[in-house]
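# Structural overview for review
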Amino acid sequence: MDTGSDVVWFPCTSRYLCKHCSFSSSSSSSSSPRIQPFIPKESSSSKLLGCKNPKCSWIHHSNINCDQDYSVNSCLNQTCPPYMIFYGSGTTGGIALSETLHLQSLSKPNFLVGCSVLSSHQPAGIAGFGRGLSSLPSQLGLGKFSYCLLSRRFDDDTKKSSSLVLDIEQLDSDKKTNALMYTPFVKNPKVEDKSSFSVYYYLGLRRITIGGHHVKMPYKYLSPGEDGNGGVIIDSGTTFTFMAREAFEPLSDEFIRQITDYKRIKEFEDVTGLRPCFNVSDAKTVSFPELRLYFKGGADVALPVGNYFAFVGGGVACLTMVTGPERVDGPGMILGSFQMQNFYVEYDLRNERLGFKQEKCK
């Protein structure tokens, strides 16, 4: 489930090719768990999407001109051109289908799905929950959806599961709603020009404090600029929160400045790619400075320590917020799922706001 993208896709052939993936649909692969691919010809409701179908432009994020995009003369039987979707960590490609979605008691005909035939660095499939027209919430016309992500320590227990609630009206009467803190979604001024930005849920993050001390970082990374770059998005498909380097360095430096009881272990930083890292093996109790986020609308949240520091082995704990090379395009900060552990998170699409509340998701 990915709130940072909008296409719903899954493997769609018995010859599905996925490089560097944790799942396989090939019967000859013994090193990774096998998934059952969806075979369109075995479904009576499955149809290839036509080139002139408006939904063809949804999956391509651009208007498709059948006469120009094909080398043959335009005709009504032309299918939508194959898609190739690029994610931060990989790609997937295939053809667009119109299918009937059955979800518990709900039945949605003419649902657009991606029928992938090849991928790289991908899970078994992705349900796009972003803002785009092809996303699951958009196609179902949801007013809200919410999730509550289990702590990572429960990942290997199949008896426990995180929750996902698709609104029709049950969330409106849920008593949890009154206890949530809300922050409005923020508009990116360039979403019409840069369609890749249009799928994101932008938040107004005003400031960050560590141990009560305000971390000063360039404002351009906290709010979308006139060129559409910068700003903060929330993305369930990103693991560790990502920050542009000029925003991350002040945050990292402040943790290093305040954490004096534990020795910094740079060799672990080189191995894990996380920093800063500290040796806490000799400590009877582990204590790190509080990390608090302040959002537009008055909402603020102090993250539990386990949501921003993690043990990586050998009694070493590292900050689970990351950076990379200087970014040219895109958000300045991506709030990832590791930081959302044991939070009830509600995307109130009807009222254009995000609600959240800390609770035990199990």
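The structure under discussion appears in the preceding block.
Please read these numbers as outputs of a predicted model, since none were measured by experiment.

Thresholds applied
- Residues numbered from 1 in each chain as written.
- Predicted model: local features only at pLDDT ≥ 70, side-chain atom pairs only at ≥ 80, totals over all residues.
- Heavy atoms only, no water.
- Helix = DSSP H or I, 4+ residues; strand = E, 2+ residues; numbered from the N terminus.
- Buried < 20%, exposed > 50% of the residue type's maximum accessible area, 1.4 Å probe, protein only.
- Contact = heavy atoms within 4.5 Å.
- Areas by Shrake-Rupley, 256 points an atom, 1.4 Å probe, with all protein chains shown as cover.
- Patch = residues over 30% accessible without salt bridge, like charges linked within 9 Å, V, L, I, M, F, W, Y side chains within 5 Å.
- Salt bridge = Lys/Arg side-chain N within 4 Å of Asp/Glu carboxyl O.
- Phe/Tyr/Trp six-rings, centres within 6.5 Å; stacked < 30°, edge-to-face > 60°.
- Lys NZ or Arg CZ within 6 Å of the ring centre and 35° of its normal.
- Core = buried A, V, L, I, M, F, W, Y, C linked by side-chain atoms within 4.5 Å.
- Domains from an automatic or database assignment.
- Pairing = 2+ DSSP bridges.
- Axes fitted to C-alpha atoms, helices over the stretch in contact; angles between N-to-C directions.
- Expected span 1.5 Å × (residues − 1).
- Arc of directions from axis to C-beta.
- Disulfide = S-S within 2.5 Å.

Regarding its fold elements, the protein chain presents seven helices and 24 strands. When the 362 residues of the protein chain are sorted by exposure, 48% land in the buried category. Partitioning the contacts of the protein chain with sequence separation of at least 6, the portion at a separation of at least 24 is 69%. Here the protein chain has roughly 18600 Å² of accessible surface; of this, 50% comes from carbon and sulfur atoms.

Side chains of Leu17, Met84, Phe86, Val117 and Leu118 sit close together on the surface and give an oily, nonpolar patch of about 480 Å² of accessible area. Elements with a minimum of two residues in the nonpolar patch: β4 (83–86) and β6 (106–120). Checked against the element boundaries, Val117 lands in strand β6. Residue Val117 is classed as partly exposed on the basis of its relative accessible area of 35%.

In this section: the packing of aromatic side chains. Evaluation of the coordinates by the stated rule reveals 19 aromatic pairs. Note on Tyr201 and Tyr347: the rings are 5.0 Å apart at their centroids and 70 degrees apart in plane angle, and the pair reads as edge-to-face. You can see Tyr201 sitting in the loop between β9 (181–186) and β10 (202–203) and its partner Tyr347 sitting in strand β23 (residues 343–348), a full 146 residues away along the chain. You can call Tyr201 buried: its relative accessible area is 1%. You can call Tyr347 buried: its relative accessible area is 0%. Above the plane of the ring of Phe185 lies Arg131, whose end atom (NZ or CZ) is 5.0 Å from the centre. The ring of Tyr182 carries Arg353 above its face, with NZ or CZ at 3.6 Å from the centroid.

Attention now moves to the nonpolar core. It is characteristic of soluble globular proteins that their nonpolar side chains tend to be buried jointly. Of all hydrophobic cores here, the largest spans 56 residues; its most connected members are Ile234 and Leu251. Of all the elements, helix α6 (residues 245–258) adds the most residues to this core, at four residues. Domain assignment of the residues forming this core places at least three in each of domain 1 (8–141) and domain 2 (181–358). If we ignore the near neighbours within four places in the chain, the residues touching Ile234 are Thr3, Tyr147, Tyr201, Leu203, Leu335, Met340, Val345, Tyr347 and Leu354.

With respect to topology, four strands assemble into an open sheet ordered β15-β16-β20-β19, the strand pairing being antiparallel. The strands lining the two open edges of the sheet, one partner per strand, are β15 (263–264) and β19 (309–313). Where β19 meets strand β20 (residues 316–319), four bridges bridge the pair, whose relative direction is antiparallel. Across the sheet, Ala310 pairs through a bridge with Cys318, a residue of β20. Strands β15, β16 (277–279), β19 and β20 of the sheet are contacted by α6, whose axis makes an angle of about 145 degrees with β20.

What follows covers the pattern of salt bridges. This structure, assessed with the given rule, holds 10 salt bridges. Linking Arg245 and Glu249 is a salt bridge whose minimum nitrogen-to-oxygen distance equals 3.3 Å. With Arg245 and Glu249 both in helix α6, this residue pair falls four residues apart, about one helical turn. Under the relative-accessibility criterion, Glu249 is labelled partly exposed at 23%. Its salt-bridge partner being Glu290, residue Arg292 comes within 3.2 Å of it at the nearest N-O pair. Through salt bridges with shared partners, a single network forms among Arg245, Glu249 and Arg275.

Burial along β4 is one-sided: Tyr83 and Ile85 are buried, while Met84 and Phe86, pointing the other way, are not. Both β4 and strand β5 (residues 91–103) contribute to a ladder of four bridges, which runs antiparallel. Residue pairing across strands places Met84 opposite Gly93, the latter belonging to β5. In this antiparallel pair of consecutive strands, β4 and β5, the connection spans four residues.

With 14 residues, α6 should cover 20 Å at 1.5 Å per step; its first-to-last C-alpha distance of 20 Å lies within 8% of that length. The complete set of buried residues in α6 reads Ala247, Phe248, Leu251, Ser252, Glu254 and Phe255. All buried residues of α6 project into a common sector of 155 degrees when viewed along the axis, lining one side.

Two cysteines whose sulfur atoms are joined by a covalent bond form what is called a disulfide. All chains considered together, the criterion is met by five disulfides. The disulfide that involves Cys12 links it to Cys115, with 2.2 Å between the sulfurs. Given an S-S torsion of about -110 degrees, the disulfide between Cys12 and Cys115 has left-handed geometry. Note that Cys12 is positioned in the loop between β1 (9–11) and β2 (17–19) and Cys115 in strand β6, a separation of 103 residues in sequence. Residue Cys12 is classed as buried on the basis of its relative accessible area of 5%. Here Cys277 pairs with Cys318 through a disulfide, and the sulfurs are 1.9 Å apart. In this structure, the disulfide formed by Cys277 and Cys318 twists by about 110 degrees around the S-S bond and is classed as right-handed.

No statement about biological role is implied by the geometric values presented.
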